[in-house]
Amino acid sequence: MSEQGTSASARVPAADESARIEKTGGATAVDRRFRNPLRGAAGRNLGLVIALVLVCLVGVLTAGERFASIDNLLTILRLAAVLGVISIGMTFVITGGGIDLSVGSVIGLSSVWASTLATQAMANSFHWSVMVFTALAVGLGAGLVNGVLIAYGRVVAFIATLAMMVAARGLAEMIANRQTWVVRVPAFSDVFRLQPLGIPMLVWIFAVVAVVGWVLLNRTTFGRRTVAVGGNPEAARLAGINVKRHTMYLYALAGLTAGIGGVMMLGRTTAGSSTNGLYYELDAIAAVVVGGTLLAGGRGTIVGTVLGVLIFTTLTNVFTQNNLSISAQAVAKGVIIVAAVMLQQRIAEQSRSVT
C-alpha cells in the first residue's frame, strides 16, 4: 500500500463499495493493513530506518569518535540538504510517472546565473534576495520548458530532460566562461552562516521543503492527482484531471526545487560554477527509488525519500571516514539501487497476488 490512495477510489459510490466488500467477504485493503500494519508504508519506512541505523553502526565501529561526533553529524546533514531538496521534487515527478535527468544541470545553471557580476551588483544595490529570485526563476523556467515539451510536445521524458541536462550545463559554461564566480554579497553569505538552535541554515531549508512536500503529496488535491496520473493516466483523464497540465506542473515543481538547490549550493560553497550539481540527478533518482517510490509511478513517499537521502549521504561519509575510494562508493550505491528495485518488484508481485 502507498502513502496515497488513488483519486478514483474516492469516487466510488458508497452503495457499490458496500456491495463489493460483501462480495469479497469483507477483506478490504484497510482490513489487511489493520491486520498487518507493517505491510505498507510503515513497514517500508521501518526497513529504511533499520538500514540507516546499520550504516551508522558500521560508521561507529570503523571510524569511532570521528564518525559519532556532533560536528560530523552536522556535516552529514549539511551535505544531505541540497540532494534532499531536489529529491523531493524528483519524488513528485517519478510518482507522476515521469523522470527528470536535468535537475543537476539546472542547479549548476541557476547557481551561475545568480552569481554573475550583474546579478551580484543588483543584489548589493537593492537586496540579497535578488540572487535567490534569479536562481528560483531560472530553475522554474527550465522545469516549465521540460513540462511543456513532455506534456504538450509529446516528447519522451527521458529524451526531453536529457536534452535539458546537456543544454543547461552548456549554457552555464557559456555564462560563466568556464570560470567560477565567487559570491561577494556579504548579506547573502551571512544568512547562510546562521545556525538557529545550532543547526545550519541549509538543514532548516531541507526540513521546510520536506514538510511542505509531505503536505502537498499527502494532504492536497495536487498530491492525489499526482498519484492518479502516475498510476493510470487514462483513468485520471476520464476522472476529469487535466493530465497534460498536471504533468507540466510536476516538472515545473522539480525545476523549482533545483533552483532552491542552486541557492543552497551558493550558500554552501559561496561560488557559482557550471560544475555545481554534477551527477546530482542520478543520486536523487537513486534516493527516491531506495526510499520506496515506484519507478513506474502511482506511489510516492516523501518520508522514504528523506530516509533514502540520509542513507546515501551517511554511507558516503562512512566511506570517506575510512579513506575508501570513490569507485568503491559507486559500487556500493549500485548494489543498493539494484537491491531496492528488486525489492520493489517483489512487493508489487505480492500485492497483485493478494488482490
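Summary of the structure given here. All values derive from a computational prediction rather than experimental measurement.

1. Looking at the packing of helix α8 (residues 129-151) against helix α14 (residues 243-269)
In step 1: α14 packs onto α8 with a crossing angle of 150° between their chain directions and a minimal axis gap of 7 Å. Between α8 and α14, the crossing angle belongs to the class labelled roughly antiparallel. Of the two possible hands of crossing, α8 and α14 adopt the one that is right-handed.
In step 2: Split into classes, the residues belonging to the contact of α8 with α14 amount to 16 nonpolar, seven polar and one charged.

2. Quick notes on the side chain of Thr 161
In step 1: One can find Thr 161 in helix α9 (residues 157-176).
In step 2: The exposure class of Thr 161 is buried, given its relative accessible area of 0%.
In step 3: Within the local environment of Thr 161, its side chain forms a polar contact with the backbone oxygen of Ala 157, the two atoms lying 2.7 Å apart.
In step 4: Once residues lying within four places of it in the same chain are set aside, the contact partners of Thr 161 are Ile 99, Asp 100, Leu 101, Ser 102, Asn 146, Ile 150 and Tyr 251.

3. Thoughts on the environment of Phe 192
In step 1: Take Phe 192: it is sitting in helix α10 (residues 186-193).
In step 2: Overall, the relative accessible area of 13% leaves Phe 192 in the buried class.
In step 3: Linking Phe 192 and Leu 266, residues 74 residues apart in sequence, is a C-alpha distance of 9.2 Å.
In step 4: If we skip the residues at most four places from it in the chain, Phe 192 touches Met 201, Leu 202, Ile 205, Val 263, Met 264 and Gly 267.

4. A short note on unusual backbone geometry
In step 1: With a phi angle near 55°, Arg 154 is a residue other than glycine that sits in the positive phi range.
In step 2: Tracing the backbone through its elements, the reader meets Arg 154 in the loop between α8 and α9.
In step 3: Backbone geometry places Asn 177, a non-glycine residue, at a positive phi of 55°.
In step 4: Within the secondary structure, Asn 177 sits in the loop between α9 and β1 (181-182).

5. Considerations on the environment of Ser 274
In step 1: For Ser 274, the location among the structural elements is in the loop between β2 (271-272) and α15 (280-291).
In step 2: In the structure, Ser 274 is positioned 95 residues away from Gln 179 in sequence and 8.1 Å away in space, judged by C-alpha atoms.
In step 3: Beyond its immediate stretch of four places on either side in the chain, Ser 274 contacts Gly 108, Val 112, Arg 169, Ala 172 and Glu 173.

Thresholds, definitions, all that
Residues numbered from 1 in each chain as written. Predicted model: local features only at pLDDT ≥ 70, side-chain atom pairs only at ≥ 80, totals over all residues. Heavy atoms only, no water. Axes fitted to C-alpha atoms, helices over the stretch in contact; angles between N-to-C directions. Helix = DSSP H or I, 4+ residues; strand = E, 2+ residues; numbered from the N terminus. Parallel < 35°, antiparallel > 145°, perpendicular 65-115°, else oblique. Left-handed = near helix turned anticlockwise from the far one by under 90°. Nonpolar A, V, L, I, M, F, W, Y, C, P; charged D, E, K, R; others polar. Buried < 20%, exposed > 50% of the residue type's maximum accessible area, 1.4 Å probe, protein only. Polar contact = N/O pair within 3.5 Å; in protein donor to acceptor, adjacent residues only side chain to side chain. Contact = heavy atoms within 4.5 Å.

What is shown is where atoms sit, not what they do.
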